[in-house]
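Spelled out, the chains give:
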Amino acid sequence: MTSALLPTYARAPIAFERGEGAWLEARGGERYLDFGAGIAVNALGHTHPHLVAALTEQAGKLWHTSNLFEIPEGERLGRRLVDATFADVAFFANSGAEANEAAIKMARKYHAAGGHPERFRIITIEGAFHGRTLATIAAGGQQKYIEGFGPKVDGFDQVPFGDHDALRAAIGPETAAILIEPIQGEGGVRPVPPQCLRGLRALCDEHGILLIMDEVQTGVGRTGKLFAYEWAGAAPDIMSAAKGIGGGFPLGVCLATAEAARGMTAGSHGTTFGGNPLAMAVGNAVLDVVLSDGFLDHVQRMGLILKQRLAALQDRHPSVIADIRGEGLMLGLKLHVPNTAFTAAARDAHLLVIPAGDNVVRLLPPLIITEADVAEAVTRLDTAAGRLGTRLRGAAE
Ligand SMILES: *Cc1c(COP(=O)(O)O)cnc(C)c1O
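Since we're looking at a predicted model, the values are computed, not measured.

Student: What is the right way to look at the UniProt feature "binding site: pyridoxal 5'-phosphate" (unreviewed entry) in the protein chain in this model?
Tutor: Under the UniProt annotation, the feature "binding site: pyridoxal 5'-phosphate" (unreviewed entry) is placed at G96, A97, F129, D214, E215, V216, Q217 and T272. For the residues just named, distributed over 177 residues, the greatest C-alpha separation reaches 25.0 Å, placing them at more than one site. Note on placement: A97 falls in helix α4 (residues 96-113). Judged by relative accessible area, A97 falls into the buried class, the value being 13%. Ignoring anything within four residues of it in the chain, the contact list for A97 reads H130, G131, R132, T133 and T136. Following the sequence through the fold, F129 ends up in the loop between β5 (121-125) and α5 (134-140). Accessibility expressed as a relative area gives 18% for F129, which makes it buried. Contacts of F129, omitting those with residues within four sequence positions, involve Y145, E181, E186 and D214.

Listed below in structure tokens is the structure:
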């Protein structure tokens, strides 16, 4: 039967019925180890008891009131995020793209409020991904997402990844900000070296422009710090987060210093759904766990163990795996075989992984995984790589 859904996704032919921790159960009862976490969203795995309790309790009290009224749970979540980061203020949205839209608008408005409305252009990095709205596809700069959707939104200047000279040269009298992911996610788990992030910070200060970090994928503990910028010791002026922050509930946030947010006065931006009581209850519950003692240490430890095991796996399958990169539990395998074939082979071994650009597959497991989960995942990756290696040798003969 044909689907009634717009055919914008190439879906794998599996439907899941329930999940627990790092495991998913498909219709028919087959179990899969989930090292994709719904694209880095299920930070605490599936049906985490604390999240289920928070959601169901709030669901019985109040779901939505609109931002015409005070939302105490949102005040609380905002305060906690501000206390845990560089930021002074938070704006809640429902997705990563919306958080980035808020960040882009805020950066432009900052300069307008300072008497320089001509400073509206934002420098972005090749291979970036910032979402699928008209402005964020222009920011991401990927032709395959831009083509056919009319004139590209103006105001984005893209420079090659790692090209410091091009970046300096791109700064002009109209530049408002630089927008960057500390580790490119969709672009293929490409980390920006910490010294480069510090260099960017200095460059922005030198030119009076804002540094925006897109931590939609890297944030909320994914790399072993609450936010990835902490590894560099260079804070942004504005930052977006989403994915893991709701643990599976749609939630995004734009965080900023008071200075960067100076143009965002009453009425300048808004959303109907963003920050509603249901979302805020879940967001607070996610933070309860992520900020609890030892949680981020656990992520770092699991990340190290996984990376070590993956290095051994690469040694066993040098014709399949070319490189391992990433930080914490945001790891990428750069492959010699097509990443789509590898993803399918892993799925055949009942392990879920996620393809990315640059012929990489991403491992983005729930942050609550155990050493046993890591061992099981590596066994299944070994099976997948073995099958692909055999196929390669077969083709060569
Ligand atoms: C996923 C992602 C986005 C877009 O988030 P949506 O919730 O899909 O709008 C933006 N930036 C980065 C870095 C992402 O990984």
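On we go from here.
Student: Please clarify how the packing of helix α3 (residues 72-84) against helix α10 (residues 277-290) should be interpreted in this entry.
Tutor: To characterise two packed helices, one gives the angle between the axes of the helices and the distance between these axes. With their axes 9 Å apart at the nearest point, α3 and α10 run at an angle of 35 degrees to one another. Where α3 crosses over α10, the handedness of that crossing is left-handed. Here α3 contributes E73, G74, R76, L77, R80 and L81 to the contact with α10, which in turn contributes M280, A281, G283, N284, L287 and D288. Taken together, the residues that form the contact of α3 with α10 break down as five nonpolar, three polar and four charged.

Student: Teacher, can you tell me more about the sheet that holds strand β14 (residues 330-335) here?
Tutor: Across a sheet, paired strands are connected by hydrogen bonds in the backbone, their directions being either parallel or antiparallel. Pairing is antiparallel in the open sheet, where four strands are placed in the order β13-β14-β17-β16. Every other strand in the sheet has two partners, leaving β13 (321-327) and β16 (354-356) as the edge strands with one partner each. Sheet twist, expressed as the mean angle between neighbouring strand axes with direction ignored, is 30 degrees. Pairing of β14 with strand β17 (residues 360-363), which is carried by four bridges, proceeds in the antiparallel orientation. Bridge pairing in β17 places L333 opposite V361. Where helix α12 (residues 339-348) meets the sheet, it contacts β14, β16 and β17, and its direction lies at approximately 40 degrees from that of β17.

Student: Which parts of the structure should I look at to understand α12?
Tutor: It helps to recall that an α-helix has 3.6 residues per turn; residues three or four apart then point in one direction. Buried within α12 are the following residues: N339, F342, T343, A345 and A346. Seen end-on, α12 carries its buried residues on one side only, within an arc spanning 165 degrees. Opposite its buried face, α12 presents the exposed residues T340 and D348, each directed more than 90 degrees away. Residues of α12 that are buried make contact with β14, β15 (351-352), β16, β17 and α13 (371-396).

Procedures and definitions
- Residues numbered from 1 in each chain as written.
- Predicted model: local features only at pLDDT ≥ 70, side-chain atom pairs only at ≥ 80, totals over all residues.
- Heavy atoms only, no water.
- UniProt positions renumbered as here; feature names shortened; annotations may be inferred.
- Helix = DSSP H or I, 4+ residues; strand = E, 2+ residues; numbered from the N terminus.
- Buried < 20%, exposed > 50% of the residue type's maximum accessible area, 1.4 Å probe, protein only.
- Contact = heavy atoms within 4.5 Å.
- Axes fitted to C-alpha atoms, helices over the stretch in contact; angles between N-to-C directions.
- Left-handed = near helix turned anticlockwise from the far one by under 90°.
- Nonpolar A, V, L, I, M, F, W, Y, C, P; charged D, E, K, R; others polar.
- Pairing = 2+ DSSP bridges.
- Arc of directions from axis to C-beta.

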